[in-house]
Amino acid sequence: MKTAKIIIDDREHEFPLVTGTEQERAIDISDLYAKTGCITLDNGFQNTGACASAITFIDGDKGILRYRGFDISELADKLSFVETAYLLIYGSLPTIDQKSLFSRYLTENSMLHEDMIHYFVGMPPRAHPMAILSSMVNSLSIFYPLSFVDDENPQEFDRIAARLISMIRTIAAFSYKKSIGEPFVYPRHDLKYCMNFLNMMFSSPVKPYEFDLEAERVLNKLLILHADHEQNCSTSTVRLVGSSMVNLYASVCAGICALWGPLHGGANQEVIDMLEDIQRNGRKVKDVIAMAKDKTKNFRLFGCGHRVYKNYDPRAKILKDTCATFLAGRHANDPLLSIALELEDAVLHDDYFIERKLYPNVDFYSGILYRALGIPSAMFTVMFAIGRMPGWIAQWREMHDTKPFRIGRPRQVYVGPAHRSLP
Ligand code: CMC
């Protein structure tokens with residue numbers, strides 16, 4: 001076994017080197033404190049591996065993203081979101097029987113408990129949909145039985161997972177209907193996952209939704225691209241919260257809250273706000289770029305940069321192409337797309353962004369597509385959360401199955417006052 005040596009005060013200590021499937025290497029420092037009395041300090045977890053995981057692989061330098069070994073572009077082209085969810089959670093593509101059972105669970109669990117509808121009534125119409133979503137997802141633990149998920153009761157996990165994937169979509173559509181003051185449209189058993197969502201969003205008593213297969217395909221792709229992204233902020237939150245042995249609903253609710261932030265999933269709403277601001281105020285792209293580089297301004301170019309990708313985010317590449325073909329197919333022109341393309345070109349040719357390896361990320365083009373689907377910008381992060389749900393569930397399950405099971409509990413270096421007495 002290969003080892004790494006750490007020398008502290010002239011004493012040498014050896015630690016195992018762990019090698020992943022793709023030859024990425026890590027120093028296993030689990031017994032660092034026991035051996036040396038030291039801990040590691042890593043602000044923002046830039047170099048800390050919190051787990052070994054078999055779900056998603058990212059090579060940030062090469063711009064590679066794979067779920068369970070399959071390239072993201074292949075998955076986005078060929079699979080449905082439901083099949084992708086199954087793949088992430090259970091580790092392999094579903095057989096015909098497994099797929100029909102999973103779909104049955106999704107259909108059986110698509111309706112919200114009628115009493116939950118009353119929650120929406122009391123919410124102010126201007127409430128942010130992410131606030132509604134997190135509250136409602138946590139409320140599922142009030143309405144649905146919470147038996148502990150264990151090896152003897154595997155079907156209980158399957159049902160809870162299906163319930164979350166299915167109901168988050170219903171909650172999202174209901175929160176939109178609430179915000180525009182229209183009656184809720186209930187899920188239908190005869191529609192597939194994405195079409196069911198579009199129907200709940202856009203059907204009304206005066207105008208039924210005209211099924212749009214191209215919109216369904218685009219939504220399917222968007223959700224697949226969002227479905228997992230290894231140990232990002234929200235997923236790490238789900239794992240950490242779940243490690244206290246709290247239930248899955250509460251764990252993913254915490255993930256939804258983490259996703260909301262503008263540096264994470266909330267960036268997709270910020271991107272459109274930024275593009276609209278450029279358009280509305282006739283700003284020049286070069287001025288916006290200059291502002292993003294100016295450290296005295298509290299402004300970042302949203303949808304740009306990534307902790308892991310130091311190359312073009314493969315999801316952004318797929319979304320950029322999808323934007324072009326989807327809009328062209330409808331003979332539609334979104335002026336925000338032209339601004340985004342101009343911004344991207346400026347980023348790719350500017351030394352500041354080149355030196356820091358800042359490229360467009362998944363959020364740069366996703367909002368333009370959501371807009372083209374008729375989804376309002378306040379709902380963009382909700383869409384991200386719908387897509388990310390299978391990933392959170394898969395990661396929660398993997399964390400629970402890890403032996404030996406440990407609660408997540410980082411340490412710290414205390415830098416406050418030394419011991420003192422009250423006056
Ligand atoms: N605009 C301008 N400068 C940037 C940007 C940006 N979007 N992103 C990073 N930088 C600069 C940053 O100021 C720093 O410069 P310096 O070295 O001079 O101090 C350098 O690049 C490194 O940035 P960092 O903040 O240390 O990098 P990070 O890995 O901690 O942050 C990030 C990653 C995604 C939070 C950051 O790039 C960012 O804020 N981007 C904008 C928000 C965004 O689009 N978030 C969505 C991420 S993708 C979806 C998801 O998975 O969440």
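Whatever comes next refers back to the structure up there.
Draft legend 1. Just the overall build of the chain, in detail. Secondary structure summary: the chain contains 18 helices and six strands in total. Seen through its C-alpha atoms, the chain measures out along the principal axes to roughly 80 × 60 × 60 Å. Each of the 423 residues in the chain was classed as buried or not, and the buried ones make up 48%. In the chain, 70% of the contacts between residues at least 6 apart in sequence involve partners at least 24 apart. Here the chain displays about 21,900 Å² of accessible surface, and carbon together with sulfur accounts for 53% of that area. Positive and negative charge centroids in the chain, built from 47 and 50 side chains respectively, lie 3 Å apart.

Draft legend 2. Structural context of helix α10 (residues 233-242). Among the residues making up α10, those that are buried are S234, T235, V238, R239 and G242. The arc that holds the buried residues of α10, viewed along the axis, is 140°, so those residues lie on one side. In this structure, the buried residues of α10 make contact with α11 (248-259) and α18 (380-401).

Draft legend 3. Main features of the state of the cysteines. A complete count under the given rule lists zero disulfides for this structure. C253 forms no disulfide, and the closest cysteine sulfur to it belongs to C257, at a distance of 4.7 Å. Residue class for C253 comes out buried when judged on its relative accessible area of 10%.

Draft legend 4. Region of the structure containing the pairing of strand β2 (residues 11-19). Pairing of strand β1 (residues 3-8) with β2 involves six bridges; the strand directions are antiparallel. Paired with I7 across the strands is E12, a residue of β2. Joining the antiparallel neighbours β1 and β2 is a turn of two residues, in which D9 adopts a positive phi near 50°. One ladder, built from three bridges, connects β2 with strand β3 (residues 25-27); its direction is antiparallel. Along β3, the bridge assignment pairs T19 with R25.

Draft legend 5. Representation of the site of the ligand within the structure. Neighbouring residues of the ligand: 21 residues in total, closest H264, R300, L301, G303 and R307. Residue L263 places a main-chain N or O atom 2.9 Å away from a nitrogen atom belonging to the ligand. At 3.0 Å from an oxygen atom of the ligand is found a side-chain nitrogen or oxygen belonging to N361. In the complex, the protein chains occlude 77% of the 940 Å² of accessible area that the ligand would expose alone.

Draft legend 6. Inspection of unusual backbone geometry at higher detail. With an omega dihedral of -5°, the bond running from K403 to P404 counts as a cis peptide bond. Residue position: P404 is located in the segment after α18. Residues other than glycine seldom take positive phi values, yet D10 does so here, at roughly 65°. Relative to the helices and strands, D10 is located in the loop between β1 and β2. Backbone geometry at H331 places phi at a positive 50°, although glycine is not the residue there. Residue H331 is classed as exposed on the basis of its relative accessible area, which comes to 77%.

Draft legend 7. Up close: the sheet that holds β2. Strand order in the open sheet formed by three strands is β1-β2-β3, with antiparallel pairing between adjacent strands. The sheet is open, and its two edges are formed by β1 and β3, each paired on a single side. This sheet shows a mean twist of 30° between the axes of neighbouring strands, independent of strand direction.

Draft legend 8. Quick peek at the sheet that holds strand β6 (residues 70-71). An order of β4-β5-β6 is seen for the three strands of this open sheet, with the pairing classed as antiparallel. The strands lining the two open edges of the sheet, one partner per strand, are β4 (56-59) and β6. Pairing analysis gives four bridges linking β4 to strand β5 (residues 64-67), with the strands arranged antiparallel. In the strand pairing of β5, I58 is matched with L65.

Draft legend 9. Summary view of the environment of E114. Here E114 is to be found in helix α5 (residues 114-121). Exposure remark for E114: the relative accessible area of 44% places this residue in the partly exposed category.

Draft legend 10. Region of the structure containing the nonpolar core. Judged by nonpolar contacts, the single largest core of 119 residues is most densely connected at L164, I165, L301 and L343. Among the elements that make up this core, the one with the highest residue count is helix α7 (residues 154-180) (13 residues). Sequence-distant contacts of L301, that is, excluding residues within four places in its chain, are made with M274, V288, I289, A292, L343, V347 and F353.

Draft legend 11. Main features of a nonpolar patch on the surface. Side chains of L41, V413 and V415 sit close together on the surface and give an oily, nonpolar patch of about 340 Å² of accessible area. Its location among the elements puts V415 in the segment after α18. Looking at V415, the relative accessible area reads 75%, which means it is exposed.

Rules of the game
- Residues numbered from 1 in each chain as written.
- Predicted model: local features only at pLDDT ≥ 70, side-chain atom pairs only at ≥ 80, totals over all residues.
- Heavy atoms only, no water.
- Helix = DSSP H or I, 4+ residues; strand = E, 2+ residues; numbered from the N terminus.
- Buried < 20%, exposed > 50% of the residue type's maximum accessible area, 1.4 Å probe, protein only.
- Contact = heavy atoms within 4.5 Å.
- Areas by Shrake-Rupley, 256 points an atom, 1.4 Å probe, with all protein chains shown as cover.
- Lys, Arg positive; Asp, Glu negative; His and termini not counted.
- Charge placed at Lys NZ, Arg CZ, Asp CG, Glu CD.
- Arc of directions from axis to C-beta.
- Disulfide = S-S within 2.5 Å.
- Pairing = 2+ DSSP bridges.
- Near = heavy atom within 4 Å.
- Polar contact = N/O pair within 3.5 Å; in protein donor to acceptor, adjacent residues only side chain to side chain.
- Axes fitted to C-alpha atoms, helices over the stretch in contact; angles between N-to-C directions.
- Core = buried A, V, L, I, M, F, W, Y, C linked by side-chain atoms within 4.5 Å.
- Patch = residues over 30% accessible without salt bridge, like charges linked within 9 Å, V, L, I, M, F, W, Y side chains within 5 Å.
- Salt bridge = Lys/Arg side-chain N within 4 Å of Asp/Glu carboxyl O.

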